[in-house]
2 protein chains.
Amino acid sequence: MSKLVIVGTVAFDAIETPFGKTDKILGGAATFIGLAASHFDIDAAAVSVVGGDFPQKYLDLLSNRNIDISGIEIVKEGKTFFWSGRYHNDMNSRDTLVTELNTLADFKPVVPENYRDAEIVMLGNLHPNVQSSVLDQMVNKPKLVILDTMNFWMDIALDDLHNVMKRVDVITINDEEARQLTGEYSLVVAARKIHTMGPKYVVIKKGEHGALLFYNDDVFYAPALPLEEVFDPTGAGDTFAGGFAGYIAKTGDTSFDNMKNAVIFGSTLASFCVEKFGTERMETLKNEEVHKRLLQFKQLTQFDIKLA
Amino acid sequence: MSKLVIVGTVAFDAIETPFGKTDKILGGAATFIGLAASHFDIDAAAVSVVGGDFPQKYLDLLSNRNIDISGIEIVKEGKTFFWSGRYHNDMNSRDTLVTELNTLADFKPVVPENYRDAEIVMLGNLHPNVQSSVLDQMVNKPKLVILDTMNFWMDIALDDLHNVMKRVDVITINDEEARQLTGEYSLVVAARKIHTMGPKYVVIKKGEHGALLFYNDDVFYAPALPLEEVFDPTGAGDTFAGGFAGYIAKTGDTSFDNMKNAVIFGSTLASFCVEKFGTERMETLKNEEVHKRLLQFKQLTQFDIKLA
């Protein structure tokens, strides 16, 4: 078992989908990553920042799930990061309605002393320099560093993104972002280019079409579980990343074969996340439910072909 | 081993993609289905029609592959069906430039006498009434009837399509067509509706995102092999269907578990088809190459997760 450091936003979200809309609810990358990683009975710490307006009950939600929250700074006079978005009818695209950085604007993450030797580091979507500053604090080179990012940083901080990419082992990115980052339409070619930018492992997320894991010339494809309806996609990518990182931390095995399992675990957890608004489904999700759905993933993908 | 009847067009295609364009080359659903099914060492017959302008060498191509061509009618004074299309840059959509029905307009398929007891019938994309007329000629109820169709028939012959659908076991259809046929966005819900229209098995093709096989509440997902480039998608869906039907005919096993294998075989063959223009790649494809790529499909999808 390895220690896991999770860095990312802890935030308020307000979400509109064709199924309804929410007021300000719990959101943020580190929140979803933490809730997902909490299924693995590991030592995990969240590093983030919130304002004085952030309810204690949301922090309790994480600590009750055994996530160490000593690295979540509370800026009493500040306000919590707030994002609001509206999904289109196909649920594959969305418009951002509001982004209030608030305390996130000056966020200087501080990794708790007892987590600076963590073997696994999950860098949730943040400014690349903030992500880099976390790696600077680690006393040893971690066994595995996983980076999530988005097109926004490619637009405004590409050089910084390239700098942090050189220091990570795994990148998780969606298909359109992979294309933007490389200028290549083919995801196979895009992944190969991303390898040369640093990450040995490239995970390309394709939403309802699943996720691809590339490692040199090897590739693994985890489908998304076909669902009757996707209620709210918010946090699905972070939940995937949290499941991936949590499984690696639990097993301590960073081989390509074990990463396949990590991708399946991530996909499984993400399939729950989208069933309800925000963190609602993840707050009550039980391990038995996860295991049952893992068996569905096996049935969904496994075959036993006989070659003549 | 079962006998396989293949019904569909044998045609001329002219294709434009971002990689180049062709003159009139060999095309047609029955052609691609036949070339794919020829990898299974089965008794298979193609039922179609061509004009006097159709080169003997194209017919030889099929018969050299052990496809019985006695059911391909040659209308000496007529011209062969011709289709021309241009693919967009993303290769996922295309415009039809020319459709000349020619001899296809009056096509009355005649199943060869010695194939009227065939166990497996593959109805390639044609007018639903033409597809029905083939089923009328079978002396026994076939063990498995597979139907391919397209949005065009939903637009102009929906009632006829519903009639033939009631008589088939498997339908292959792409995601947009499944949505058009049912009015449902979710493919899970769409598949359930299609079940009620007749087919017990519903295969939804998603192009570069693979294919889904639905059977009651069970679902199987075969990814498409991630490729560096798709050179020409023409015939990929028919090649998939031919691989599916050929594998079922070869094994004589119509269980859901074996259909998973058939889907994988279909996907494997389709992954070759798109590598060159038209039938070019399929004309020279060797069984050893197919088997090698099947192993790639295994590596692409198989995992061995340990539950705690």
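A brief structural summary. (Residues numbered from 1 in each chain as written. Chains lettered and ligands numbered in written order. Predicted model: local features only at pLDDT ≥ 70, side-chain atom pairs only at ≥ 80, totals over all residues. Heavy atoms only, no water.)

### Things to note about the relation of the copies chain B and chain A
Inference 1: When chain B is brought onto chain A, the operation consists of a screw motion whose angular component is 180° and whose axial shift is 0.0 Å, with 0.0 Å RMSD remaining. Such a turn and shift between the copies fits a two-fold axis.
Inference 2: A symmetric contact is evident, with 100% of the interface residues of chain B recurring at the interface of chain A. (Least-squares fit on C-alpha atoms with pLDDT ≥ 70 in both. Contact = heavy atoms within 4.5 Å.)

### Quick look at the interface of chain B and chain A
Inference 1: In this assembly, 40 residues from chain B lie in contact with 40 residues from chain A.
Inference 2: Roughly 3,700 Å² of surface becomes buried between chain B and chain A when both sides are summed, with 59% attributable to carbon and sulfur atoms.
Inference 3: For chain B, the biggest contributors to the area lost against chain A are Y221(B), F303(B) and I305(B); these three give 19% of the whole.
Inference 4: Between the two partners, chain B and chain A, sit 2 salt bridges.
Inference 5: A salt bridge links R192(B) to E228(A); its shortest N-O distance comes to 2.6 Å.
Inference 6: Across the chain B-chain A interface, the total number found is 18 residue pairs in polar contact (both at pLDDT 80 or more).
Inference 7: Contributing elements (two or more residues each) for the side of chain B that touches chain A: α7 (187-196), β14 (218-222), α9 (256-273) and α11 (287-301) of chain B. (Buried area = accessible area lost by both parts, 1.4 Å probe. Salt bridge = Lys/Arg side-chain N within 4 Å of Asp/Glu carboxyl O. Polar contact = N/O pair within 3.5 Å; in protein donor to acceptor, adjacent residues only side chain to side chain. Helix = DSSP H or I, 4+ residues; strand = E, 2+ residues; numbered from the N terminus.)

### Considerations on unusual backbone geometry
Inference 1: The phi angle at N216(A) is positive, at roughly 50°, despite the residue not being glycine.
Inference 2: Looking at where N216(A) falls in the secondary structure, it is placed in the loop between β13 (211-215) and β14 (218-222).

### Comments concerning the packing of aromatic side chains
Inference 1: Overall, the coordinates contain 24 aromatic pairs over all chains when judged by the stated rule.
Inference 2: Relative to Y215(A), the ring of Y201(A) lies with its centre 4.5 Å away and its plane at 10°, an arrangement referred to as stacked. Remark: Y215(A) occurs in strand β13 and Y201(A) occurs in strand β12 (residues 201-205); sequence separation between them is 14 residues.
Inference 3: Y201(A) sits in the buried class, given a relative accessible area of 6%.
Inference 4: A ring pair is formed by F40(B) and Y247(B), whose centres lie 6.2 Å apart and whose planes are at 75°; its orientation type is edge-to-face. A residue pair is termed long-range when its members are at least 10 positions apart, and F40(B) in the loop between α1 (29-37) and β5 (44-51) and Y247(B) in helix α8 (residues 236-251) qualify at 207 residues.
Inference 5: The exposure class of Y247(B) is buried, given its relative accessible area of 5%.
Inference 6: Three or more aromatic residues joined by ring pairs make a cluster, and in this case those are F12(A), F54(A) and Y58(A).
Inference 7: When the ring centre of F82(A) is taken as reference, the NZ or CZ atom of K24(A) above it lies at 4.4 Å. (Phe/Tyr/Trp six-rings, centres within 6.5 Å; stacked < 30°, edge-to-face > 60°. Buried < 20%, exposed > 50% of the residue type's maximum accessible area, 1.4 Å probe, protein only. Lys NZ or Arg CZ within 6 Å of the ring centre and 35° of its normal.)

In short, shape yes, function no, at least from these values alone.
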